[in-house]
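Summary of structural features
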Amino acid sequence: MLELAGIIILGILAQWVAWKFKIPAILPLILVGLLVGPIAATYLSEDGTKWIEPVWNGEKGLFPGESLYYFVSLAISIILFEGGLTLKRSEIKHVGPVITKLITLGSAITFLGAGIVAHYVFNLSWDLSFLFSGLIIVTGPTVITPILRNIPLKRDISTVLKWEGILIDPIGALVAVLVFEFISVGGGGGFTKTALIEFGKILLFGTTFGFTFAHALAYAVNKKLIPHYLLNVVSLSTVLLVFVESEMFAHESGLLAVVVMGMVLGNGKLNNIKELLYFKESLSVLLISILFILLAANINMQDLMLLYTWKTASLFAIVVFVIRPLAVFASTLNSKLKFNEKLFISWVGPRGIVAAGIASLFGSKLLKQGVEGAEYITPLVFMIVLGTVLLNATTARLFSKMVGVFLKSSNAILIVGASNPSRLIASYLRDKGKRVVLIDSNKNFIDQAQEDDFEAIAVNIYDDDLGSNIELSDVGYLIAMTGNDAVNKYALSTFSDIFGEHGSFRLASSLEVVNAKEKERLGFFTPNDDYINLSEAFRENPTIKEVKINNEKEYDAILALLAKEEKSIPLFIENEKGLYLIAEVEKEKMEKKNLVLSYLGKEISNSYKEKIVADEV
């Protein structure tokens, strides 16, 4: 009981440390695991036993036999399902071919290159060398995401790394399984046929089970066949069912099945998808905390001592600084990515939970079979996992600045609220070349926005994780325009420092409109413009119009006219330097000549504009 409680407590403590110091959680988790495992047994325990013994050794231990690895497999399935839920097709519009090549050509280069290096550096058999290389193909999403959260990057770069990390996990597992089966059956001429059959079975059953159960679950949820209080636990049990059923038909097809299931659900019309994501994310945090401590604690000190040689450093350096860049540059050949962007993607390739989990499983099985050199598999993979995480966690931000991919100025616009007026304004901004992201807790608004091909995220503004969303790392403007005054105020007070680098603006509250002084009644997001005014202006004139302004007198006259006209709201000013909110122009006291004013309201007649010009003359 003490060990079980200790793992959870230490795991959550490590997660907090990772959050506090902005590092991937895998780093403190593995260190905690090593501390309570091999380090405690060697240096801290009087009787030479580990403080936490994951596998039953005849006297103590948490999991008898292979139960630890069954638990690891089920936990990984939940983690990958949660990752699949976050993959949106709209993200890969520009980098889809790059991601495809990375998980195919890039995987092949890593597999062959690392296998050859392991064979000649550590003198491992070809079988074990390629088992090692198959295991380190994967780049774990559990470690890439925390790294990307702390670095403002161009969206394409973060998308490539995120998708690669999730999609490549089942591919690495598949390759490792095929090599393991080859070793287990002793090779032979019949293996090629067997391998092809196994490969086909994994693809067939993995995709079939994932696709079918995703649609079945979505149907049950949308038709309200599942009560709300059972939604999360039914979804969890369905993920486990899909994983186990797929595994029964084709060994190691389960990981592919849960990723496919997550992707289908994440891109479908599933009600309560955000609530499901919250639950799975919390569960994934807990499982990752437990898994890494268990797997690290299961290593023995004699295994770690095998790595105390120059060969380890050589293998690590070649894998990270030669093979990874080679795989990335080959996969991004003729793509739109720039050289410095390719260089950064090459640098960021941390391995994660799938590599560590499957390495522990296969390493122990091969040791029981008496395969020579099998004792190297688990420690070598853990060395790559820990080394790459430590390297990327400590240097990725600095390296992004060195190669010039760190966004010094974030110009994307985050609009809180996806109602009809918000989408109209977002459309205008998009036509002006701006990247606009809409967020709202109203699923109908988000669906409509996505149908209009907007980047739209169904999210609750009170969600603490919004500020760490890697898809919003290039946002520099925050505009809150929901119908809820409290939400608008909360958005600015909470997220201005994160998303409002160049400015944070909100609609006025109804009370501010009532108390507004006449001289304060001009400009967008001033005391004259609450949600009711904006909605009425949209209903009367659902298009944004533009008027050319030559000088400050015309500017003042046009604004005065819009202020007198009911349901007319000035929005933006555009000059040779760029596009600005009216509020920005007033605050910065910009020069008001040779510009275009856009507004929501009635068409300003040519006769009135001619009158202004005549008055000026």
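This text goes with the structure placed above it.
Report follows, based on the coordinates. Keep in mind that this is a model prediction, so the values were computed, not measured.

A few words on unusual backbone geometry. The backbone of Lys224 shows a phi angle near 60 degrees, a positive value even though the residue is not glycine. Its location among the elements puts Lys224 in the loop between helix H8 (191–222) and helix H9 (231–249). Residue classification places Lys224 among the exposed positions, given a relative accessible area of 72%.

With 19 residues, H9 should cover 27 Å at 1.5 Å per step; its first-to-last C-alpha distance of 27 Å lies within 8% of that length. Listing the buried residues of H9 in full gives Leu231, Asn232, Ser235, Leu236, Thr238, Val239, Val242, Phe243, Ser246 and Glu247. Considered in projection along H9, the buried side chains sweep an arc of 160 degrees and stay on one side of the axis.

The residue Ser253 is located in the loop between H9 and helix H10 (254–266) in this model. Residue Ser253 is classed as buried on the basis of its relative accessible area, which comes to 0%. The residues contacting Ser253, other than those within four sequence positions of it, are Ile202, Phe205, Gly206, Ser246 and Glu247.

Applying the stated criterion across every chain, the model contains 15 aromatic pairs. With 5.5 Å between their ring centres and 50 degrees between their planes, Phe329 and Phe339 make a pair best called tilted. Of the two residues, Phe329 is situated in helix H13 (residues 310–331) and Phe339 in helix H14 (residues 339–347); the sequence distance between them amounts to ten residues. Judged by relative accessible area, Phe339 falls into the exposed class, the value being 57%. The interplanar angle of 10 degrees and the centroid separation of 4.3 Å between the aromatic rings of Trp347 and Phe399 together place this pair among those described as stacked. One end of the pair, Trp347, is in helix H14; the other, Phe399, is in helix H16 (residues 377–403), with 52 residues separating them in the sequence. Across this residue pair, the class does not change: Trp347 and Phe399 are buried. Among the aromatic residues, ring-to-ring pairing joins Phe111, Tyr120, Trp126 and Phe130 into one connected group. Over the ring of Phe406 we find Lys401, and its NZ or CZ is 4.9 Å from the ring centre. Its end group placed over the ring of Phe454, Arg430 keeps NZ or CZ at 4.0 Å from the ring centre.

The rules behind the values
Residues numbered from 1 in each chain as written. Predicted model: local features only at pLDDT ≥ 70, side-chain atom pairs only at ≥ 80, totals over all residues. Heavy atoms only, no water. Helix = DSSP H or I, 4+ residues; strand = E, 2+ residues; numbered from the N terminus. Buried < 20%, exposed > 50% of the residue type's maximum accessible area, 1.4 Å probe, protein only. Expected span 1.5 Å × (residues − 1). Arc of directions from axis to C-beta. Contact = heavy atoms within 4.5 Å. Phe/Tyr/Trp six-rings, centres within 6.5 Å; stacked < 30°, edge-to-face > 60°. Lys NZ or Arg CZ within 6 Å of the ring centre and 35° of its normal.

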